[in-house]
Amino acid sequence: MRLRGRAAVVTGGTSGLGRSIAEALLREGAGVVCAARSERDMARIAELAGDRAVFHCTDVRDPGSVDALMRFAQQHFGRLDLCVANAGVTRDGPVHTLDPKEWEEVIGTNLTGTFHCVQAATPYLRQTGGSVVAISSALSTRVSEGAAAYSVSKAGIDMLTRACAAELAAFGIRVNAVAPGFISEGMGSRLADNDLVWGEYHKRLLSGRPGTGAEVGRAVVFLASPEGAYVNGHVLEVNGGLRWA
Ligand SMILES: NC(=O)c1ccc[n+]([C@@H]2O[C@H](COP(=O)([O-])OP(=O)(O)OC[C@H]3O[C@@H](n4cnc5c(N)ncnc54)[C@H](OP(=O)(O)O)[C@@H]3O)[C@@H](O)[C@H]2O)c1
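Definitions and limits used
Residues numbered from 1 in each chain as written. Predicted model: local features only at pLDDT ≥ 70, side-chain atom pairs only at ≥ 80, totals over all residues. Heavy atoms only, no water. Axes fitted to C-alpha atoms, helices over the stretch in contact; angles between N-to-C directions. Helix = DSSP H or I, 4+ residues; strand = E, 2+ residues; numbered from the N terminus. Parallel < 35°, antiparallel > 145°, perpendicular 65-115°, else oblique. Left-handed = near helix turned anticlockwise from the far one by under 90°. Contact = heavy atoms within 4.5 Å. Nonpolar A, V, L, I, M, F, W, Y, C, P; charged D, E, K, R; others polar. Near = heavy atom within 4 Å. Polar contact = N/O pair within 3.5 Å; in protein donor to acceptor, adjacent residues only side chain to side chain. Areas by Shrake-Rupley, 256 points an atom, 1.4 Å probe, with all protein chains shown as cover.

### Digging into the packing of helix α1 (residues 16–27) against helix α2 (residues 42–49)
Each pair of packed helices can be described by the angle between their axes along with the distance between the axes.
(1) Moving on: Where α1 meets α2, the axes come as close as 10 Å, and the angle between the chain directions of the two elements is 10°. Our classification of the angle between α1 and α2 gives roughly parallel. Seen from above, α1 lies across α2 with right-handed handedness. Contact with α1, carried on its side by Arg19, Glu23, Leu26 and Arg27, involves Arg44, Ile45, Leu48 and Ala49 of α2 and no other residues of that element.
(2) Moving on: For the contact of α1 with α2, the class distribution of residues is four nonpolar, no polar and four charged.

As structure tokens, then:
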């Protein structure tokens, strides 16, 4: 129970990887606001922790909506210690045919959405000496044809993490990121169902298996907990040893 009495926001915390992260935080005793546009698996998450898990309808592309989210977390739990900027989407397609609206949707959700979260959470996190964990991806540093928008958004998150760590250190706020590889939840599970894709990845994985959401959740807990207090501005790869330059 390393996070007992702490309060967290997890965007996209209602399904997939976000749900696993929320569950890991709840198991460590935190109160968690799961924020997304729809409730999805919220009932299942609430079963784990009763009134320590609450839903807030949020669109991370809208700064007003994200402001309302952080205000809600502060009012509901009386404090905010952790913001996990996890909400993300992907739209595949080569750059010469990708619809500009899809590019905008990916960058707006993944990168600008993370910026909105950091900005809106800062006034509350500075009161508690809290931290931010952004969710990047193995594709932030590797080229995958057809995933330019997604990769660029995640590369931006890596740099945003370092920039925010430098700027917010004066307020006692740490900012880190977790870069998951092939995870058997959410988007990753959809890839794992594709034999061709899995066949390609499998050869490159030292672990020989996809990761679990719980394994990513534990990395977030580490960065958010006192054990992670001396880690700042770091992008932690949780990818089973992905041998892919
Ligand atoms: N799964 C993997 O293998 C893997 C690997 C590396 C990185 N990641 C990253 O992990 C994060 C979670 O992905 P996932 O795999 O769990 O995908 P997912 O199952 O599709 O979940 C995405 C979550 O984000 C929410 N979301 C999307 N757009 C939003 C918006 N505009 N405002 C608020 N919430 C929004 C969704 O809820 P609503 O649609 O209801 O809003 C949903 O809860 C993403 O950042 C992804 O890039 C995943």
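Having seen it, we continue.
### Overview of the site of the ligand
(1) Moving on: The full set close to the ligand counts 31 residues, and Leu17, Ser38, Arg40, Asn86 and Tyr150 are the nearest of them.
(2) Moving on: For the ligand, an oxygen atom lies 2.5 Å from a polar atom in the side chain of Tyr150.
(3) Moving on: The protein chains hide 95% of the 890 Å² of surface that the ligand would expose on its own.
(4) Moving on: With four residues, helix α6 (residues 186–192) is the single largest residue contributor to the shell around the ligand.
(5) Moving on: Class assignment for the residues of the shell around the ligand results in 10 nonpolar, 14 polar and seven charged.

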